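This is what each chain is made of:
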There are 4 protein chains.
Amino acid sequence: MKSIVEGVLKFQQNAFPQLSTLFKELATTQNPTALFITCSDSRVVPELLTQQNPGDIFVIRNAGNIVPSYSSEPGGVTATVEYAVAVLGVTDIVICGHSDCGAMTAISSCKCLDHLPAVASWLRHADSAKVVNASRTHISDAVRLSSMVRENVIAQLVNIKTHPSVALALEQGRLNLHGWVYDIETGSIVALDGETNRFVSLAEFPQTVATHSKRSALVA
Amino acid sequence: MKSIVEGVLKFQQNAFPQLSTLFKELATTQNPTALFITCSDSRVVPELLTQQNPGDIFVIRNAGNIVPSYSSEPGGVTATVEYAVAVLGVTDIVICGHSDCGAMTAISSCKCLDHLPAVASWLRHADSAKVVNASRTHISDAVRLSSMVRENVIAQLVNIKTHPSVALALEQGRLNLHGWVYDIETGSIVALDGETNRFVSLAEFPQTVATHSKRSALVA
Amino acid sequence: MKSIVEGVLKFQQNAFPQLSTLFKELATTQNPTALFITCSDSRVVPELLTQQNPGDIFVIRNAGNIVPSYSSEPGGVTATVEYAVAVLGVTDIVICGHSDCGAMTAISSCKCLDHLPAVASWLRHADSAKVVNASRTHISDAVRLSSMVRENVIAQLVNIKTHPSVALALEQGRLNLHGWVYDIETGSIVALDGETNRFVSLAEFPQTVATHSKRSALVA
Amino acid sequence: MKSIVEGVLKFQQNAFPQLSTLFKELATTQNPTALFITCSDSRVVPELLTQQNPGDIFVIRNAGNIVPSYSSEPGGVTATVEYAVAVLGVTDIVICGHSDCGAMTAISSCKCLDHLPAVASWLRHADSAKVVNASRTHISDAVRLSSMVRENVIAQLVNIKTHPSVALALEQGRLNLHGWVYDIETGSIVALDGETNRFVSLAEFPQTVATHSKRSALVA
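A quick note: this is a predicted structure, and the numbers were derived from the prediction, not measured.

Peer 1: Can you lay out the packing of helix α6 (residues 127-134) of chain A against helix α8 (residues 164-171) of chain C for me, pointing to particular residues and giving the numbers?
Peer 2: Packed helices, taken two at a time, are described by their axes: the angle between them and the distance between them. Contact geometry of α6(A) with α8(C) gives a least axis separation of 8 Å together with a crossing angle of 40°. Handedness of the crossing formed by α6(A) with α8(C): right-handed. Contacts between α6(A) and α8(C) involve A:Asp127, A:Ser128, A:Val131 and A:Val132 on the former and, on the latter, C:Pro164, C:Ala167, C:Leu168 and C:Glu171. Within the contact of α6(A) with α8(C), the residues separate by chemical class into 5 nonpolar, 1 polar and 2 charged.

Okay, here's the thing in structure tokens:
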């Protein structure tokens, strides 16, 4: 904790002065254009990864970058998505998984989670990805995990489309959905291509979109 | 979205090479010592604010930096806290609110949230803070909001103590809880002092701990 | 009730003898190839409408032909879909709405449902359809209702894709999803065309499929 | 699916013209007097079995003809019962089980349902019937299953009485409840006699009523 408090003092002395004009502008308003949903993992820093400034991206982080499908019992992710889309009017949502994810490893390797009841319950929102991934043969545990991470991103994209705020924004052509997987060791990102349904290098195909802002996206 | 994708390319070309040794070490392991729970607000960047590197802090972000109390229906925050405390063994949890919070403004000003049903449902986890704050007289709307933000941090600290993993770690003296409020315009932070129950400047009192790692912490 | 009991006796005397060979074959086994999900409405008789015999179609009926998205609290529809797909191995699922639907009328005309708490709660699974339909202008109440019925079928198709059993079957290319709307007065049916995202006459385009049995169906 | 689409065309060409007058009358209204709750099983066609026309019976179908007892989280069956009783004002509700039921077989033979989590969860609403049936000795598996089917109908009759709309209608003497079991091979039906609490042949005792429309019905 000492290094965190020291970090705060360092921020106030060194980093803040350089950003003080920006923070003054941001004091009473924010206008992020994207919602970035990623894992709580300490190694995934969305603002670093996307080189965005304070004020640029609205961020949800939880174990496994999970988005429960809409239900009569909406929780924190659903509420935050609703706020981002219906109040802030973000035009893009990125769901970003990552390599070596602890949550996905637990699923992929069928770990017993009896001692972690809340985690076990939460990961049921990835059940679709789990059964799809388990139905395939993989040449190694590493490939199985890597595939699980990607399938989870796909499953969460399916889930988020059940949210009314998202359905409306897609209908009105003012929202794009993106599915990414970040590799911690190399810094590379692959993005889901909605047309071919494959993950492609974002660096090579920077226009890749998982779901275009067309009504047909909901049913095709 | 264009600036985000360009940011990723910039990250890969400029930022990553400087951090490549660190990222190589982090490729298959993380050892964060703290869990940082804050708002999805685009202006609150925990790693910037605490000057922490990738791998240093585990992060939960949602609208209103809310931690629902433990229930038979655990959601994403509960699962992620459980993972951080029981699996990663973090020694510190910071719950960090901030100035000009949209969620707290909605509560503080009694906004009608009928058109945002998921947000309305989610903010009920701040009801304790709401009724406490509403019971007081405030000299202005700004003071009412500022007070609401602080009361919400206190309420979420009470909520998190209902989690079994947290109760156990506190009992065993291996966890400290911290309540902070970050001011966007000035970059300053006030921290809850568990002994006096007042918020004090973190810069002046860097040792401030909201909840000591003592059994009494559960009832203090 | 008298006519129902008399109907049973009539069935036993007249209808059953003609079908006794079929029923004997069916005594200990069923092999339906399709799951037909439609409304509880007394005017919608799926076996009549599709001219299917006993043993041919597995049927779910509830108010509003609703399929809740998958959650950690699965209910009867989810259980029955799981049974149909994972145990019976149906190759097709039809979600069939209909004209003059009481549930859709309640939503479309913004009826107060305070005295029907269970109905109100249930219809929240059509919230996506509701907000999409409410965002448009309609030239009459009748058109608004007709549009609501169609949007509801689309929303339920989005919901059913979150079910693990459905995701797996789509992945493995052994399931097609179909969205239909039946007009009680004329007996005609329109089917959602997944490529153009329009409803077309089933009589004219009998091959229409809402969602192809391709993995891309999940994300496109 | 081909036979279903062909069946629709056949319906439109042959069956509909004979019923067009009826369907014209039904275009904007339905007045069913009974709610018929039965299994999704493809072999159980309620309108065939009771020789009823479109417009005559309101129908709920799910795996196991289950009616969850009333709870703070009402689902689709509860909503549809509420609609049938409180809005349509049906005077009779039939809960109809059947021979060779897959859901009841799973319970009766203690099948492992780990791979069918939603089914397992749903069948818990038949736990009362399960424990009652398991407490008895049966001379064969076939008898055990047959007994399970009957006990399940009884348990669902108990469950439905917990619904406020049903309790009110019973109190006001405007509703009768009926418990039936249909035998697929022979077409025969046995009905629960509310006075003796035994199942009797409906053909021989057509006046059998499981639960009289008296207040005492709630506790008998």
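Peer 1: Give a detailed account of the interface of chain A and chain C, specifying residues and quantitative values.
Peer 2: Taken residue by residue, the interface counts 34 residues in chain A and 34 residues in chain C. Here chain A packs against chain C, burying approximately 3100 Å² in sum over the two surfaces, 54% of which is carbon and sulfur. Where chain A meets chain C, there are 2 salt bridges. Ionic pairing is found between A:Arg136 and C:Glu171, a salt bridge with its closest N-O pair at 2.9 Å. Seen at the junction of chain A and chain C, the total is 11 residue pairs in polar contact (both at pLDDT 80 or more). For the side of chain A that touches chain C, the elements supplying multiple residues, two or more each, are α6, α7 (141-160) and α8 (164-171) of chain A. For the side of chain A that touches chain C, a count of residues per class yields 14 nonpolar, 13 polar and 7 charged.

Peer 1: Describe in detail the side chain of B:Ser108, supporting the description with residues and values.
Peer 2: Within the secondary structure layout, B:Ser108 lies in helix α4 (residues 102-108). With residues near it in sequence (within four places) discarded, B:Ser108 still touches B:Arg144, B:Leu145 and B:Met148.

Peer 1: Please set out the relation of the copies chain B and chain A residue by residue, giving values where relevant.
Peer 2: The two copies are related by a screw motion: chain B maps onto chain A through a turn of 180° and a shift of 0.0 Å along the axis, at an RMSD of 0.1 Å. These values place the two chain copies in the arrangement generated by a two-fold rotation axis. The position closest to the rotation axis in chain B is occupied by the C-alpha of B:Arg61, lying 2.4 Å away. A high fraction, 100%, of the interface residues of chain B reappear at the interface in chain A, so the copies pair face to face through one surface.

Peer 1: Outline the nonpolar core, supporting the account with residue identities and numerical values.
Peer 2: Grouped together as the largest cluster of nonpolar side chains are 96 residues, with contacts concentrated most on A:Ile93 and B:Ile93. Beyond its immediate stretch of four places on either side in the chain, A:Ile93 contacts A:Leu35, A:Ile37, A:Val85, A:Ile160, A:Val166, A:Leu175, A:Asn176, A:Leu177 and A:His178. Counting 95 residues, the second largest nonpolar core, distinct from the first, contains D:Ala106, D:Ala118, D:Ala129 and D:Val181.

Peer 1: I'd like a rundown of the relation of the copies chain A and chain C, residues and numbers included.
Peer 2: Superposing chain A onto chain C requires a rotation of 180° together with a translation of 0.0 Å along the rotation axis, leaving an RMSD of 0.0 Å. Comparing contact sets, 100% of the residues at the interface of chain A also lie at the interface in chain C, consistent with an isologous, same-surface contact.

Peer 1: Residues and numbers for the packing of aromatic side chains, please.
Peer 2: All names here are of chain B. Using the criterion set out here, one finds 24 aromatic pairs over all chains in the structure. Seen in terms of ring centroids, Phe11 and Phe16 are 6.0 Å apart; in terms of plane orientation they differ by 70°. Their pairing is edge-to-face. Phe16 shares its class with Phe11; the two are buried. Arranged with centres 6.4 Å apart and planes meeting at 85°, the rings of Phe11 and Phe23 form a pair that is edge-to-face. For Phe23, a relative accessible area of 0% gives the class buried.

Peer 1: Would you mind going over unusual backbone geometry in detail, with residue names and values included?
Peer 2: Unlike most non-glycine residues, A:Asp100 shows phi in positive territory, near 55°. Mapped onto the elements of the fold, A:Asp100 is located in the loop between β3 (92-98) and α4 (102-108). Look at C:Asn65: it is not a glycine, yet its phi comes out positive at around 40°. Note that C:Asn65 resides in the loop between β2 (57-62) and α3 (76-88).

The rules behind these values
Residues numbered from 1 in each chain as written. Chains lettered and ligands numbered in written order. Predicted model: local features only at pLDDT ≥ 70, side-chain atom pairs only at ≥ 80, totals over all residues. Heavy atoms only, no water. Axes fitted to C-alpha atoms, helices over the stretch in contact; angles between N-to-C directions. Helix = DSSP H or I, 4+ residues; strand = E, 2+ residues; numbered from the N terminus. Left-handed = near helix turned anticlockwise from the far one by under 90°. Contact = heavy atoms within 4.5 Å. Nonpolar A, V, L, I, M, F, W, Y, C, P; charged D, E, K, R; others polar. Buried area = accessible area lost by both parts, 1.4 Å probe. Salt bridge = Lys/Arg side-chain N within 4 Å of Asp/Glu carboxyl O. Polar contact = N/O pair within 3.5 Å; in protein donor to acceptor, adjacent residues only side chain to side chain. Least-squares fit on C-alpha atoms with pLDDT ≥ 70 in both. Core = buried A, V, L, I, M, F, W, Y, C linked by side-chain atoms within 4.5 Å. Buried < 20%, exposed > 50% of the residue type's maximum accessible area, 1.4 Å probe, protein only. Phe/Tyr/Trp six-rings, centres within 6.5 Å; stacked < 30°, edge-to-face > 60°.

All we've got here are geometric facts, nothing functional implied.
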